[in-house]
Amino acid sequence: MTSLSPDLAPVVDIRDLHFRYDARDVLRGINLRVPRGKVVAIMGGSGCGKTTLMRLIGGQLRARGGELKVFGESIADINRERLYDLRRRMGMLFQFGALFTDMSVYDNVAFPLHEHTELPEELIRDLVLMKLHAVGLRGAAHLMPSELSGGMARRVALARTVALDPQLIMYDEPFAGLDPISLGVIGQLIRRLNDALGASSIVVTHDVQESLQIVDYIYFVSEGRIIAEGTPDEIRASTDPWVHQFVWGEVDGPVPFQYPARPYREALLGSADA
Amino acid sequence: MKRTTIDLWVGIFVAMGIAALFFLAVQVGNLRGTEIVEPYELQARFDNIGGLKPRAPVRSAGVVIGRVHHIDYDSERFQAVVVMNIDHRYTFPKDTFATINTSGLLGEQYIGMEPGGDEALLQPGDTMMKTQSAVVLEKLISQFMFSKAAEGTAPK
Amino acid sequence: MPEILLRPFVRLGHSVVSAIWRLGFASRFLAAIVLMSGTTFRRPYLLMREIYFSGVLSLIIILVSGLFVGMVLALHGYDTLSRYGSEEWLGVLVALSLTRELGPVLAGLLFASRAGSAITAEIGLMKATEQLSAMDMMAVNPVARVVAPRFWGGVISMPLLAAMFSAMGVLGGYLVGVVQIGVDPGSFWSQMQSQVDFERDVLGGVVKSVVFGIAVALIAVFEGYDSDATAEGVSRATTRTVVTSALVILGLDFVLTAFMF
């Protein structure tokens, strides 16, 4: 790592992580660190393994080789109870919110509080309203998820994610499919909540421009490996062809435009069986 | 959906279910005092039991006082051995008749106890001495036809 | 031998093997559900809600169907019995058919189609929209919180619904037999009471409905939990719930009837 010095043990520490799925090597030796209090982005094209990486960090998948430590504990062979203990300090925002459709916005945000604390109802009410206020949706507390727009649903889900003041917040494609205003809102919320809670965040995305504005460090994943990393300034100035193609959205480069096929001339003039 | 509304409906639902079970038990079934209390065993041998089945009632004066427990076959004497459970409250004289009767014309068969006059009573495990086998309908009909035919050819 | 002839057999063998595999999964799932049922019983509201959604909301279809089945039984039964002058046995015919067989089986089939498919769709949809994953990530066990209450809700609702089906059927039989056709009410009820044995017939029917309830509830939650996380997958899963439940009910019915009667 170049210019980011961790003062304490990193929240997430990954060394040489391998993962296979159905005889396919998804991750081939990942080295990644999320220092305390920082927002780290994991970027890459579709199918590069970044979502798998996040699932591994959250314990939804089990790694086959290498070391994966979250909050200093290796979660490779951890039992369910211990995993649930760790998860109480984590929050994960799913791509489309994953709100519970049979409950109101209020009940959704109150869910972790009801399940994991014995706090009195009035206190829970205050906490829920505070969280909703932080994402700007306090007035929507009585609505049902079906009555919310995509951006609103995601913000409610964010309020739910931070309900227990987690120390590690993970975002799965938080910018996907949002209008420019909502994009800006979510981006700002990610940064502000991280700093306000003193937490660490991981953002899995391929929205480069928004991420470069809010994160502290970026890892680029391609074909199961980290092929580039750095601070936003370093990335913008990078001359690595892959990074350059990704950041500036170039049509052709290390990631080719044409799907591998026979030479064009041959296909047009050749026989019928391709 | 309010909690109280759900609770109310679930309560009604469960109450209805239990009511239905109760209805089936009492109005439809025979869950009323027809339990055979602390039964004792009696045996009876028959040449022909007709359509008698296990769990068939044993009646005295028409009232159910026991049930047929199981039916065995004695291959030495070529007889059916019927083992019955009789309610311990009811005792019978040693010379009681065990007959196989039919409920109605085509109904199921049951054992009727016709008490005799002996002072000594049947003890648990005893075999009843006096029995009457089932009436086989075909034999009855052929007897009837035979006697009708005999009538016809008898000198007038 | 040409491959095209072998293909249907290969597919058949494949489906049998995968069916047995799924049976294994389903059994393990049942064990997991039972082990994680603590939450369901410690928070009765969860269970109440599920009894409401699978039981109370099935009331109408069960009561109406039960009534009609009883009425039809009486019609057919009278037609046949009157030929032998045995109309007084109509009550017996209706009551025994219902308590022993039609009550548990038909209520089970109706329950599977109405409540079972709804449960499968609900759980499948939660899976497809990542609600189950979200719950898991919030350190709340989805099997304990979502699956187990629905399972027990089904198990508790089924026997009650079957009893109500049979009871309505008997009433339907009474309405047609006595009120409409004119069979003597005294003999209708008294013959029924003398011939229908509580232990054998009524309780036997209840045992059947409990077994069916466990089967249908398990199938419904399993298919939902195991469905492919797409719209198509959920729709396939609901169909499978209804079809598998029907086959399992009829199969178990045969086994139980042979055993008990």
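Our subject is the structure that appears above.
Now for a description of the structure that goes with this document. (Residues numbered from 1 in each chain as written. Chains lettered and ligands numbered in written order. Predicted model: local features only at pLDDT ≥ 70, side-chain atom pairs only at ≥ 80, totals over all residues. Heavy atoms only, no water.)

### Let's talk about the packing of aromatic side chains
No. 1: Using the criterion set out here, one finds 15 aromatic pairs over all chains in the structure.
No. 2: For the pair W242(A) and F246(A), a centre-to-centre distance of 5.2 Å together with 10° between the ring planes defines the contact as stacked. Taken together, the residues span about one helical turn, with W242(A) and F246(A) both in helix α9 (residues 241-248) at a distance of four residues.
No. 3: Note on Y174(C) and F188(C): the rings are 5.8 Å apart at their centroids and 65° apart in plane angle, and the pair reads as edge-to-face. With Y174(C) in helix α7 (residues 142-181) and F188(C) in helix α8 (residues 185-195), the pair connects residues that are 14 residues apart, well separated along the chain. (Phe/Tyr/Trp six-rings, centres within 6.5 Å; stacked < 30°, edge-to-face > 60°. Helix = DSSP H or I, 4+ residues; strand = E, 2+ residues; numbered from the N terminus.)

### Looking at the nonpolar core
No. 1: Counting residues in hydrophobic clusters, the biggest one holds 61 residues, and the most contacted among them are I14(A), I57(A), L168(A), M170(A) and I33(C).
No. 2: Residue contributions to this core peak at six residues, all from α7(C). (Core = buried A, V, L, I, M, F, W, Y, C linked by side-chain atoms within 4.5 Å. Buried < 20%, exposed > 50% of the residue type's maximum accessible area, 1.4 Å probe, protein only.)

### Describing the sheet that holds strand β1 (residues 40-46) of chain B
Residues and elements named next belong to chain B.
No. 1: Taken together, eight strands build an open sheet; the order of strands is β7-β1-β4-β3-β2-β6-β5-β8 and the sheet is mixed. One side of each edge strand has no neighbouring strand; the edge strands of this open sheet are β7 (127-128) and β8 (130-132).
No. 2: Examined bridge by bridge, β1 and strand β4 (residues 79-86) share seven bridges and lie antiparallel to one another. Bridge pairing in β4 places R45 opposite V81. (Pairing = 2+ DSSP bridges.)

### Some points on the packing of helix α5 (residues 90-128) of chain C against helix α9 (residues 198-226) of chain C
Residues and elements named next belong to chain C.
No. 1: One can describe the packing of α5 onto α9 by two numbers: an axis separation of 8 Å at closest approach and a directional angle of 15°. Between α5 and α9, the interaxial angle falls into the category roughly parallel. In the crossing of α5 with α9, the sense of the turn from one axis to the other is right-handed.
No. 2: Among the residues forming the contact of α5 with α9, the class breakdown is 13 nonpolar, eight polar and eight charged. (Axes fitted to C-alpha atoms, helices over the stretch in contact; angles between N-to-C directions. Parallel < 35°, antiparallel > 145°, perpendicular 65-115°, else oblique. Left-handed = near helix turned anticlockwise from the far one by under 90°. Nonpolar A, V, L, I, M, F, W, Y, C, P; charged D, E, K, R; others polar.)

### What to know about the interface of chain B and chain C
It is common to give the size of an interface as the accessible area lost on bringing the parts into contact.
No. 1: Opposite the 26 residues of chain B that make contact, chain C presents 31 residues.
No. 2: For the pair chain B and chain C, the two sides together bury roughly 2,600 Å², of which 76% comes from carbon and sulfur.
No. 3: On the surface where chain B and chain C come into contact, there are zero salt bridges.
No. 4: Where chain B touches chain C, the interface holds zero residue pairs in polar contact (both at pLDDT 80 or more).
No. 5: Split by residue class, the side of chain B that touches chain C holds 16 nonpolar, four polar and six charged. (Contact = heavy atoms within 4.5 Å. Buried area = accessible area lost by both parts, 1.4 Å probe. Salt bridge = Lys/Arg side-chain N within 4 Å of Asp/Glu carboxyl O. Polar contact = N/O pair within 3.5 Å; in protein donor to acceptor, adjacent residues only side chain to side chain.)

### Looking at empty space enclosed by the protein
No. 1: Enumeration according to the criterion identifies three cavities of 30 Å³ or more in this entry.
No. 2: Empty space within the largest cavity amounts to approximately 160 Å³.
No. 3: Around the largest cavity, the lining is made up of 18 residues, and of these M90(A), G91(A), R160(A), T161(A) and M138(C) lie nearest the centre.
No. 4: Put simply, the parts of the chain that give the lining of the largest cavity at least two residues each are β6 (90-93), α3 (105-116) and α5 (150-161) of chain A together with α6 (131-137) of chain C.
No. 5: Element by element, the count of residues in the lining of the largest cavity is highest for β6(A), at four residues. (1 Å grid on protein atoms, 1.4 Å probe; cavity = no way out; pocket = protein on both sides within 12 Å on 5 of 7 lines; lining within 4 Å. Points joined across faces, edges and corners; volume = space filled by probe spheres on them.)

This is a description of form; function is not addressed.
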